[in-house]
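Letter by letter, the chains look like this.
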Amino acid sequence: MAESWQKAEVPGPIKALLLNNPKVVAEYLKKANHSVVIIGDKILEIEKEGYKILDLIKKLSNKINAEIVTSSPKIIEEMREKNINARIMPSIEFIDRLKDPNWNGFDGKGQYDLAIFIGFPYYYCWLMLSNLKHFAYNHLKTLSLEPYYQPHATYSLQNNPLIEAWFKFLNNVIIELK
């Protein structure tokens, strides 16, 4: 059984399904009809450590035909340099839109059915996922691709504080998405 990364956080009786196999993560990604990838600015710290996480996110979004959203102008600049299309919107506003079942998304194709989170501080992602867990459970599933277990997500990866192992796991997910 997975536990929250930070102790003393009590998520309630409903916790995220733990995904610790890249093939299973890939299957859940393929199963979604309309996905969005939400990126936090911790991604830039990971890029500075030498991991090409933005390239990995580009491959992921291309394989599942997902849009990319961030609240960071710095990430938008980095993505433009890498020819990655992304939208910018404050996180809180975007979370509010995800809660609205009648929102048509950025592309006008209707509400997203899977929101994928990556690159946020743990506590911040915890709060966004808690909000969606309680107010968007009828129409939206969430997947945390963070290196730490997020109990408020619908699906979450296991705690994996070693960035190298986490990055390898994500690469294996991309390979499984063939």
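Here's a quick rundown of the structure.

Calculation rules
Residues numbered from 1 in each chain as written. Predicted model: local features only at pLDDT ≥ 70, side-chain atom pairs only at ≥ 80, totals over all residues. Heavy atoms only, no water. Pairing = 2+ DSSP bridges. Helix = DSSP H or I, 4+ residues; strand = E, 2+ residues; numbered from the N terminus. Contact = heavy atoms within 4.5 Å. Axes fitted to C-alpha atoms, helices over the stretch in contact; angles between N-to-C directions. Buried < 20%, exposed > 50% of the residue type's maximum accessible area, 1.4 Å probe, protein only. Parallel < 35°, antiparallel > 145°, perpendicular 65-115°, else oblique. Left-handed = near helix turned anticlockwise from the far one by under 90°. Nonpolar A, V, L, I, M, F, W, Y, C, P; charged D, E, K, R; others polar. Core = buried A, V, L, I, M, F, W, Y, C linked by side-chain atoms within 4.5 Å. Salt bridge = Lys/Arg side-chain N within 4 Å of Asp/Glu carboxyl O.

**Topic: the sheet that holds strand β6 (residues 141–144)**
With parallel pairing, 7 strands are arranged side by side in an open sheet as β1-β7-β6-β5-β2-β3-β4. Of all the strands in the sheet, just β1 (17–19) and β4 (87–88) have a single pairing partner and so form its edges. Each of β2 (35–39), β3 (67–70) and β5 (114–118) is contacted by helix α5 (residues 91–99), which is oriented at about 160° to β2, the strand it contacts most.

**A look at the environment of N102**
Mapped onto the secondary structure, N102 falls in the loop between α5 and β5. Residue N102 is classed as exposed on the basis of its relative accessible area of 64%. In the structure, N102 is positioned 13 residues away from A115 in sequence and 16 Å away in space, judged by C-alpha atoms.

**A few points about the packing of helix α3 (residues 53–64) against helix α7 (residues 163–176)**
Relative to each other, α3 and α7 sit at 25°, their axes nearing to 10 Å. The orientation of α3 with respect to α7, classified from their angle, is roughly parallel. Note that α3 runs across α7; the crossing there is left-handed. Listed contacts from α7 to I53, L56, K59, L60 and K63 of α3 are W166, F167, L170, N171 and I174. Here the residues of the contact of α3 with α7 are counted per class, giving 7 nonpolar, 1 polar and 2 charged.

**Here we look at the nonpolar core**
Counting 37 residues, the largest nonpolar core has L29, I53 and I118 as the members making the most contacts within it. Of all the secondary structure elements, the ones that give two or more residues to this core are α1 (22–31), β2, α2 (42–48), α3, α4 (73–81), β5, β7 (155–157) and α7. In terms of residue count, α7 provides more of this core than any other element does, 7 residues in total. Not counting residues within four places of it along the chain, the set of residues in contact with I118 comprises V37, I38, I39, G40, I43, I53, I57, L145, E146, W166 and L170. Counting 23 residues, the second-largest nonpolar core is a separate cluster that includes L98, F106, F117 and C125.

**As for the pairing of β2**
The buried fraction of β2 amounts to 5 of the 5 residues, a majority that puts the element mostly inside the structure. Neither face of β2 is exposed, since S35, V37 and I39 on one face and V36 and I38 on the opposite face are all buried. Note: β2 against β5, 5 bridges, orientation parallel. Bridging across to β5, I39 finds its partner in I118. Alignment of β2 against β3, held across 4 bridges, turns out to be parallel. Note on β3: the bridge partner recorded for I39 is T70.

**With respect to the pattern of salt bridges**
Enumeration according to the criterion identifies 6 salt bridges in this entry. Of the charged contacts, one joins K82 and E47 as a salt bridge, the two residues approaching to 3.8 Å between their closest N and O atoms. Taken together, the residues K82 in the loop between α4 and β4 and E47 in helix α2 connect sequence positions 35 residues apart. When its relative accessible area of 16% is taken as the criterion, E47 is described as buried. For the salt bridge of D55 with K82, the shortest nitrogen-to-oxygen distance reads 3.7 Å. Remark: K82 occurs in the loop between α4 and β4 and D55 occurs in helix α3; sequence separation between them is 27 residues. For D55, a relative accessible area of 29% puts it in the partly exposed group. Here the salt bridges share partners, and the residues they tie into one network are E47, D55 and K82.

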